[in-house]
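Given next are the chains, with one letter for each unit.
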Amino acid sequence: MRSAELSALIGERLTSARAVRGLSLGALARAAGIGKGSLSEIEGGSRNPNLATLYALAGALDVPMSWLLAERAGAEVSSPGIHTRLLAATQEDEVTVEVFALRLDPGPMHRSEAHGAHVTEHLLVTRGRAEVGPLDAAVELGVGESLQWTAGSRHGYRALGGAPAEAVLTMWWRRTKQD
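The following refers to the structure shown. (Residues numbered from 1 in each chain as written. Predicted model: local features only at pLDDT ≥ 70, side-chain atom pairs only at ≥ 80, totals over all residues. Heavy atoms only, no water.)

### Quick word on the sheet that holds strand E4 (residues 110-112)
Strand order in the open sheet formed by four strands is E4-E9-E6-E7, with antiparallel pairing between adjacent strands. Either end of the sheet is taken by a strand with one partner, and the two such strands are E4 and strand E7 (139-141). Strand-to-strand twist across the sheet, computed as the mean angle between neighbouring axes with direction ignored, equals 20 degrees. With three bridges connecting them, strand E6 (residues 129-134) and E7 associate as antiparallel partners. Bridge assignment links Ala 130 to a residue of E7, and that residue is Leu 141. (Pairing = 2+ DSSP bridges. Helix = DSSP H or I, 4+ residues; strand = E, 2+ residues; numbered from the N terminus. Axes fitted to C-alpha atoms, helices over the stretch in contact; angles between N-to-C directions.)

### Remarks on the pattern of salt bridges
Throughout the structure, instances matching the rule amount to nine salt bridges. Note that Glu 113 is salt-bridged to Arg 154, the shortest N-O span being 3.3 Å. Of this pair, Glu 113 sits in the loop between E4 and strand E5 (119-127) while Arg 154 sits in the loop between strand E8 (146-150) and strand E9 (155-160), and the two are 41 residues apart along the sequence. A relative accessible area of 39% places Arg 154 in the partly exposed class. (Salt bridge = Lys/Arg side-chain N within 4 Å of Asp/Glu carboxyl O. Buried < 20%, exposed > 50% of the residue type's maximum accessible area, 1.4 Å probe, protein only.)

### Observations concerning the layout of surface pockets
Considered as a void within the structure, the second largest pocket measures approximately 170 Å³ in volume. Lining the second largest pocket are Leu 51, Ala 52, Tyr 55, Ala 56, Gly 59, His 110, Arg 111, Ser 112, Glu 113, Ala 114 and His 115. Of all the secondary-structure elements, those providing two or more residues to the lining of the second largest pocket are helix H4 (51-61) and E4. Partitioned by chemical class, the residues of the lining of the second largest pocket number five nonpolar, four polar and two charged. (1 Å grid on protein atoms, 1.4 Å probe; cavity = no way out; pocket = protein on both sides within 12 Å on 5 of 7 lines; lining within 4 Å. Points joined across faces, edges and corners; volume = space filled by probe spheres on them. Nonpolar A, V, L, I, M, F, W, Y, C, P; charged D, E, K, R; others polar.)

### Observations concerning the environment of Arg 127
Structurally, the position occupied by Arg 127 is in strand E5. The class for Arg 127 is partly exposed, based on a relative accessible area of 40%. C-alpha of Arg 127 to C-alpha of Pro 164: the two residues are 37 residues apart in sequence and 8.0 Å apart in space. If we skip the residues at most four places from it in the chain, Arg 127 touches Val 143, Pro 164, Ala 165 and Glu 166. (Contact = heavy atoms within 4.5 Å.)

### A closer look at helix H1 (residues 3-20)
Between its terminal C-alpha atoms H1 stretches 26 Å, which fits the 26 Å expected from 18 residues at 1.5 Å a residue. Among the residues of H1, those classed as buried are Leu 6, Ser 7, Leu 9, Ile 10, Gly 11, Leu 14, Ala 17 and Arg 18. Looking at the buried positions of H1, the neighbouring elements they touch are helix H2 (25-32), helix H3 (36-43), H4, helix H5 (65-68) and strand E1 (76-79). At the exit of H1 stands Gly 22, carrying a positive phi of roughly 70 degrees. (Expected span 1.5 Å × (residues − 1).)

### So, the side chain of Thr 120
Tracing the chain through its elements places Thr 120 in strand E5. Residue class for Thr 120 comes out buried when judged on its relative accessible area of 11%. Only 3.4 Å separates the side chain of Thr 120 from the side chain of Arg 174, close enough to count as a polar contact. The residues contacting Thr 120, other than those within four sequence positions of it, are Gln 148, Trp 149, Thr 150, Thr 170, Met 171, Trp 172 and Arg 174. (Polar contact = N/O pair within 3.5 Å; in protein donor to acceptor, adjacent residues only side chain to side chain.)

### Quick word on empty space enclosed by the protein
Scanning the entire structure with this criterion turns up one cavity of 30 Å³ or more. Space inside the largest cavity adds up to approximately 60 Å³. Around the largest cavity, the lining residues are Leu 51, Tyr 55, Ile 82, Thr 84, Phe 100, Leu 102, His 110, Ser 112, Tyr 157 and Leu 169. At the level of elements, H4, strand E2 (82-92), strand E3 (95-104) and E4 are the ones that each hand at least two residues to the lining of the largest cavity.

### Brief notes about the pairing of E1
The side-chain alternation of E1 yields one buried face, formed by Val 77 and Ser 79, and one unburied face, formed by Glu 76 and Ser 78. As judged from the four bridges shared by E1 and E2, these two strands associate in the antiparallel manner. Opposite Glu 76, over in E2, you have Arg 85 as the bridge partner. Taking the residues that link successive antiparallel strands as the turn, the E1-E2 hairpin has two residues, and the phi of Gly 81 there is positive, at about 90 degrees.

Next up, the structure:
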């Protein structure tokens, strides 16, 4: 999926979700902790949001990130040090399961804000070594090792050993209110 096409889809989804919830542009920007001008550009499809921004917006709207990506397998989003590609997103009853391929670049830990107690993450390392999990209890993992945690607190991901690491991240998102 081309970046411009994905940006337009994300913008449409954000505008729709904001309208359904009766939120002003400023109210959503404040709830997500981003600038009102940045949100306006994202909604207009002229700005590509990074991974951290998408998670902040998804959290503020209480929707899975894959919903903002229009459940498009192959959609790619990055932030410094981390690159994700949506492999699949399914929904059954009140649970959405998202599967992402992750590439972690060597360097500082990528820190992710809490997604809420209704989100569970499970990460399996497929290449290299990584430190992952809640910031106060991160675990070092090698190929074939995995960790599962509730994403109700800040957590992070970091490649170890000076080389990139790759992983598969599965996220279970239990709906907390009607969308």
